[in-house]
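An overview of the molecular structure
Spelled out from the first residue to the last, the chains are:
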Amino acid sequence: MADKITFTDPDFKERVDALVDARRDIDVDVDDVVRDVLQNVREKGDDAVLGYTEKFDRLSLGASEKMRFSEAEIEEARASCIDETLAALKHAAARIIAYHEKQMPQGFDFTDDDGVRLGSRWTAISAVGLYVPGGTAAYPSSVLMNAIPANVAGVERLVMVVPTPDGALNPLVLAAASIAGVTEIYRIGGAQAVAALAYGTETIAPVDKIVGPGNAYVAAAKRQVFGVVGIDMIAGPSEILVVADAEIDPSWIAADLLSQAEHDTDAQSILICDNEAFADAVAAEIEIQLEVLPRVEIARQSWNDHGAVVVVDKLDDAIPLIDRLAPEHLELAVSKPEDLGKKIRNVGAIFLGRYTPEAIGDYIAGPSHVLPTSRSARFSSGLSVQDFLKRTSIIECDADAASKISGSAEILAGEEGLDAHARSLTVRHNRS
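Cut-off values and rules
- Residues numbered from 1 in each chain as written.
- Predicted model: local features only at pLDDT ≥ 70, side-chain atom pairs only at ≥ 80, totals over all residues.
- Heavy atoms only, no water.
- Core = buried A, V, L, I, M, F, W, Y, C linked by side-chain atoms within 4.5 Å.
- Buried < 20%, exposed > 50% of the residue type's maximum accessible area, 1.4 Å probe, protein only.
- Helix = DSSP H or I, 4+ residues; strand = E, 2+ residues; numbered from the N terminus.
- Contact = heavy atoms within 4.5 Å.
- Pairing = 2+ DSSP bridges.
- Axes fitted to C-alpha atoms, helices over the stretch in contact; angles between N-to-C directions.
- Salt bridge = Lys/Arg side-chain N within 4 Å of Asp/Glu carboxyl O.
- Parallel < 35°, antiparallel > 145°, perpendicular 65-115°, else oblique.
- Nonpolar A, V, L, I, M, F, W, Y, C, P; charged D, E, K, R; others polar.
- Phe/Tyr/Trp six-rings, centres within 6.5 Å; stacked < 30°, edge-to-face > 60°.
- Lys NZ or Arg CZ within 6 Å of the ring centre and 35° of its normal.

Within the largest apolar cluster, 44 residues are counted, with the highest numbers of intra-cluster contacts made by Leu89, Val143, Leu144, Met160, Ile185 and Phe388. Listed by contribution, the elements that provide at least two residues to this core are helix H4 (71–79), helix H5 (83–101), strand E4 (127–131), helix H6 (140–153), strand E5 (157–161) and helix H7 (171–180). Among all residues touching Met160, those that are not within four sequence positions of it are Leu130, Val132, Val143, Val173, Ala177, Val182, Glu184, Ile185 and Tyr186. Core analysis: the next-biggest nonpolar cluster, separate from the first, contains 33 residues, Val30, Tyr131, Ala191 and Ala196 among them.

A few words on the environment of Asn346. Position of Asn346 among the secondary structure elements: in the loop between helix H14 (337–341) and strand E13 (349–352). On a C-alpha basis, the gap between Asn346 and Ser238 in space is 16 Å, while along the polypeptide they are 108 residues apart.

The subject of this paragraph is the sheet that holds strand E1 (residues 3–6). Judged by pairing direction, the sheet is parallel, and its six strands sit side by side in the order E1-E11-E10-E9-E12-E13 without closing on themselves. With partners counted over all chains shown, the strands left at the sheet margins are E1 and E13, one partner each. Shown here is a sheet whose adjacent strand axes are inclined to one another by a mean of 15°, direction ignored. Alignment of E1 against strand E11 (residues 308–311), held across four bridges, turns out to be parallel. Bridge pairing links Lys4 to Val309 in E11. Where helix H12 (residues 296–306) meets the sheet, it contacts strand E10 (268–273) and E11, and its direction lies at approximately 55° from that of E10. Packed on one face of the sheet, helix H13 (residues 318–325) meets strand E9 (239–244), E10, E11 and strand E12 (329–333) and runs near 165° to E10.

Our next topic: the pattern of salt bridges. As enumerated under the stated definition, the model contains 21 salt bridges in all. A salt bridge links Glu73 to Arg187, with the shortest nitrogen-to-oxygen separation between them at 2.8 Å. On the criterion of sequence distance, the pair formed by Glu73 in helix H4 and Arg187 in the loop between strand E6 (184–186) and helix H8 (190–199) is long-range, its members being 114 residues apart. For Glu73, a relative accessible area of 30% corresponds to the partly exposed category. Where Glu247 meets Arg354, a salt bridge forms, and the shortest distance between an N and an O atom there is 3.3 Å.

Let us look at the packing of helix H10 (residues 250–261) against H12. At their nearest, the axes of H10 and H12 sit 8 Å apart, and the two run at 105° to each other. Between H10 and H12, the interaxial angle falls into the category roughly perpendicular. Residue-level inspection shows Leu257, Leu258 and Ala261 of H10 in contact with H12, the latter providing Ile298, Ala299, Ser302 and Trp303. Each residue belonging to the contact of H10 with H12 can be placed in one class, and the counts come to six nonpolar, one polar and no charged.

Moving on to the packing of aromatic side chains. Following the criterion strictly, the structure yields three aromatic pairs and no others. Taken together, a centroid distance of 5.8 Å and an interplanar angle of 5° make the contact between Tyr52 and Phe56 stacked. Pair noted here: Tyr52 and Phe56 are both in helix H3 (residues 46–57), with a separation of four residues, about one helical turn. You can call Phe56 partly exposed: its relative accessible area is 39%. Measuring from ring centre to ring centre gives 5.4 Å for Trp252 and Tyr355, while their planes differ by 65°; the resulting arrangement is edge-to-face. Pair noted here: Trp252 is in helix H10 and Tyr355 is in the loop between E13 and helix H15 (358–363), with a separation of 103 residues, a long-range link. For Tyr355, a relative accessible area of 68% translates into the label exposed. Between the NZ or CZ atom of Arg187 and the centre of the ring of Phe69, over which it lies, the distance is 4.0 Å.

Worth remembering: the numbers are spatial, not functional.
Now the structure itself:
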């Protein structure tokens, strides 16, 4: 049973503190194993990747060229998908494209009062690697949510790696990759795939940034190759926080909470409300819905181990708690969601109103569903077009502009003991 915390409890503050401080991402000490895999792939290239693929995925590819899915295989997978499902993927893709096109930043160029030209321009990263967890349970929606922002940003080479344990793969993953503009797809996974993307092999050219979720080995590999390449984030277990008043059907809120609980036994679902009877009604409805949920074992363990119901005196009292929890997903199923939402600082995505369940964001709304977890919304944002762009500053002086501003620069360089810096300014100033 999920923990119930009520503002009238004498230990309310202590229990809320424990909820905020609780960790769900279990530390797994895999760094040494991953370090060896990375080094082996860096030294032996394709041979190492093929060996690890046979060992961990029970898949013997035999030759390097078999790592890459052919165009024929991609088309065959796409043709095997139900037309209605393909149409849904295309519908989602169109909405994701439209949203991310509006995210594209604009550069600027101006000349200031001293005559110095200043500007900023954005250019796309050249090559990006997308890691997709594999097997038949892989999520094609995640392919769209990772690949489309990169494509909209103008990334020229988008490489996807996806493990196929025992040769199994959901064909919708390949279909989604095709729709999203992925240019290369390889049937490899794990730390060895991250290494191949970061360092390159005889078959796979290296990329500049790696995005996408994975298991503990993939997360450790991404941490270790950071600096050689960029990475997006280290994704933790999924989480949802629902703020609701008593005017909504408790069964709706129960379904929303279970939508995250069914992800993973370490996922977290929290309800904050201002009515204890409503809180009890939601908890009872969750038990009813669990009985018919196909992923009941996962969802029940998540709800029992990490779920919580917090009853506050008034909904505004939830604001500081929300900011402390910094949830990945926040539903505001209340009468005036906009008013409440404006007061909240730390959250990955906000879903406003009674008819905006978090699942809308997972599939079809438009923004990427790749969002900060494990309280990291305090300092980071969800995946966007800007994750695939670089900003470059532009500076230009003529002789007159340089003479106006060089004096102060010379003083600062002298104070820092960097005489060559100062001289590079004075030689031009003396000649002007």
